[in-house]
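Structural overview for review
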Amino acid sequence: MNIYKLLQLNRKIKSHRVKFMGLYLLHKLNKRYLAVNLDPVLACNLRCKMCYFTDADYVKTLKGQFKEEELEQVAKAIFKRALKLQIGCGTEPTLYKNLPKIVALGKQYQVPYISITTNANLLTEDSIKELLDAGLNEFTISLHGVTKESYEGFMKKANYEKFHEAFKAFAKLKKSYDFKVRINYTFNKDNFHELTHLFKHFDGQSFDVLQIRPIQKIGNTEYQEFDLDVLRKDYPNIIGQIRTNCKANNIVLLAPDQIPSKESINDSSLIFDYTFCYVSPQKFWKNGFQWREESFNEYSKKIGWEKQLFSNIFKSKKTLKSLSNRLNYEVDFN
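Residues numbered from 1 in each chain as written. Predicted model: local features only at pLDDT ≥ 70, side-chain atom pairs only at ≥ 80, totals over all residues. Heavy atoms only, no water.

1. A closer look at the overall build of the protein
We apply this condition: Helix and strand definitions follow DSSP, with helices as H or I runs of at least four residues and strands as E runs of at least two, each counted in order from the N terminus. Computation of the radius of gyration draws on C-alpha atoms alone. For the globule rule, the value is 2.2 Å times the number of residues to the power 0.38. What makes two residues a contact is simply this: any of their non-hydrogen atoms within 4.5 Å. Reported accessibility uses the Shrake-Rupley method at a 1.4 Å probe radius. Residues are deemed covered only where the shown protein chains occlude them.
Looking only at helices and strands, the protein features 13 helices and 12 strands. Relative to the 2.2 N^0.38 estimate, which gives 20 Å for 334 residues, the radius of gyration of the protein is 20 Å and therefore close to what a compact globule would have. When its C-alpha atoms are laid out on the principal axes, the protein stretches across 55 × 45 × 45 Å. Residue pairs at least 24 apart in sequence account for 80% of intrachain contacts in the protein once pairs closer than 6 positions are excluded. Put simply, the protein shows about 16,300 Å² of open surface, and 50% of that area lies on carbon and sulfur atoms.

Right, here's the structure in full:
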């Protein structure tokens, strides 16, 4: 399954009514449509300046990890409806001791696409290989700076050399495994322009997808420069250079076609709140879901989820304005 083709399709289909009709039918026919985002442990080894892990008060609220038997119950409750399983959403999954077991559970329930989101500082060639042997489809790697100075400045406690060792391992293992590597680059006014030098520092054969996303306020973070207006004039030209470099290296580019205004509404994200399922030791999809005792199907029936999906077909975009306000990404294939 090509997740990026689905993202592109979501962009191309302009009618939210068509999308909600599709979701309604998938739900009614007991098909997969959920993006399950699983944080198995609520901890991180880094303190990135643009992340809420630099908010000491908030970090105090993040405690806990799943026991192995609990993960098996999580899988039983919801993996049958997952189109994609993303391990690691807001925390660092490589701190979980038996990470390959989660991947294997996803494969046991035939989840079509399994990805891990990580800062890569704890990955080694052996641990990467274990995850691939368990059935992992993609590594999604967080990156906040191209140069050593910028990288270690924004991603505090990270090691630039260790990070590059992981990418060397990716390039090596790509010769014998079929998997994707995606870089998620979060930019701000201080690290945006260095993106033009990305391919001078990173081997274009070591990754497959580059996602460029503007900084968003996600809490009381150490870095507080959220105004991107200073970049608005340069953005099209720099994205054009990046697009050219990506095409030369056969890399899929995901990037907004422009820096979004504060008032903009992303029509493509209207269905996000109805496909995104967050799971952690503290939260499971929606409040009231007793996941230890009931399945996704049983709970969704109890809350009238099918009726809600159907009713959304007839609602206006204004009424459905996404609470998450996810960004619009152009998906460039070469």
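2. Describing the side chain of Arg81
We count it as follows: Summary of the burial criterion: residues with accessible area below 20% of their type's maximum are buried, those above 50% are exposed, and those between are partly exposed, where the area comes from a 1.4 Å probe applied to protein chains only. His is not counted, nor are the chain ends; Lys and Arg add positive charge and Asp and Glu add negative charge. Salt bridges, as used here, are contacts in which a Lys or Arg side-chain nitrogen is within 4 Å of a carboxyl oxygen on Asp or Glu. Contacts described as polar in this section are N or O atom pairs within 3.5 Å, which, within protein, must combine one atom able to donate a hydrogen with one able to accept it, while residues neighboring in sequence count only if both atoms come from side chains.
When you line up the elements, Arg81 lands in the loop between helix H4 (68-78) and strand S3 (82-87). Despite being buried, Arg81 has no salt bridge partner; Glu306 is the closest side chain of opposite charge, sitting 8.2 Å away. In terms of polar contacts, Arg81 uses its side chain to reach the side chain of Asn297, at 2.5 Å. When residues no more than four places from it in sequence are discounted, the contact partners of Arg81 are Leu26, His27, Asn30, Lys31, Arg32, Tyr33, Leu34, Phe296 and Asn297.

3. Here's the deal with the pattern of salt bridges
Within this structure, the stated rule accounts for 13 salt bridges. Between Glu165 and Lys168 there is a salt bridge whose closest N-O contact spans 3.4 Å. Pair noted here: Glu165 and Lys168 are both in helix H8 (residues 160-173), with a separation of 3 residues, about one helical turn. Take Glu165: its relative accessible area is 46%, and that puts it in the partly exposed class. As a salt-bridge pair, Lys189 and Asp190 come within 3.3 Å of each other at their nearest N and O atoms.

4. Remarks on the pairing of strand S7 (residues 180-187)
Selection criterion: Any two strands are treated as partners once DSSP identifies two or more bridges connecting them.
Of all the 8 residues making up S7, 7 are buried; the element is thus mostly covered by neighbouring parts of the structure. The pairing of strand S5 (residues 138-143) with S7 spans 6 bridges and is parallel. In the sheet register, Ile141 faces S7, and the bridge partner there is Ile183. Direction of pairing for S7 relative to strand S8 (residues 209-214): parallel, over a ladder of 6 bridges. Within the sheet, the bridge partner assigned to Asn184 lies in S8 and is Gln211.

5. What to know about the packing of aromatic side chains
Rules: Pairing of aromatic rings covers Phe, Tyr and Trp, the last through its six-membered ring, and needs centres within 6.5 Å; plane angles under 30 degrees mean stacked, over 60 mean edge-to-face, and all others mean tilted.
Under the counting rule described, the total for this entry stands at 31 aromatic pairs. Centroid distance Phe79 to Tyr109: 6.2 Å. Interplanar angle 90 degrees. Geometry classified as edge-to-face. Of this pair, Phe79 sits in the loop between H4 and S3 while Tyr109 sits in the loop between helix H5 (99-108) and strand S4 (113-118); the two residues are 30 residues apart in sequence, bridging distant segments of the chain. For the pair shown, Phe79 and Tyr109 are each scored as buried. The interplanar angle of 45 degrees and the centroid separation of 5.1 Å between the aromatic rings of Phe163 and Phe167 together place this pair among those described as tilted. Of this pair, Phe163 and Phe167 both sit in helix H8, 4 residues apart, roughly one helical turn. Members of the aromatic cluster, each reached through a chain of ring pairs, are Phe20, Tyr33, Phe66, Tyr274, Phe284, Trp285, Phe289, Trp291, Phe296, Tyr299 and Trp305.

6. Looking at the environment of Thr118
Secondary-structure assignment places Thr118 in strand S4. For Thr118 and Thr140, which are 22 residues apart along the polypeptide, the C-alpha to C-alpha distance reads 6.3 Å. Once residues lying within four places of it in the same chain are set aside, the contact partners of Thr118 are Glu92, Thr94, Leu123, Thr140, Ile141 and Ser142. Of the polar contacts made by the side chain of Thr118, one reaches the side chain of Glu92; its length is 2.7 Å.

7. Let's talk about helix H2 (residues 16-28)
To be explicit about the condition: By this rule the span expected of a helix is its residue count minus one, scaled by 1.5 Å. This arc describes the spread of directions from the helix axis toward the C-beta atoms.
Relative to the 18 Å expected for 13 residues at 1.5 Å per residue, H2 spans 18 Å between its end C-alpha atoms, a close match to the ideal helical length. Among the residues of H2, those classed as buried are His16, Lys19, Phe20, Leu23, Tyr24 and His27. One side of H2 holds all its buried residues, which, seen down the axis, span an arc of 135 degrees. Residue Asn30 follows H2 closely and has a positive phi angle near 65 degrees.

8. Some words on the nonpolar core
Where we set the bar: Only buried Ala, Val, Leu, Ile, Met, Phe, Trp, Tyr and Cys residues count toward a nonpolar core, and they belong to the same one when joined by side-chain atoms within 4.5 Å.
The biggest cluster of nonpolar side chains holds 99 residues, and the ones touching the most others in it are Phe79, Phe139, Phe170 and Leu210. With 7 residues, the single largest contributor to this core is H8. In this view, Phe139 contacts Ile116, Leu123, Ile128, Leu131, Leu132, Phe170, Phe179, Lys180, Val181 and Arg182; residues no more than four positions away in its chain are not counted. Grouped together as the second largest cluster of nonpolar side chains are 6 residues, Ile3, Tyr4, Tyr113 and Val209 included.

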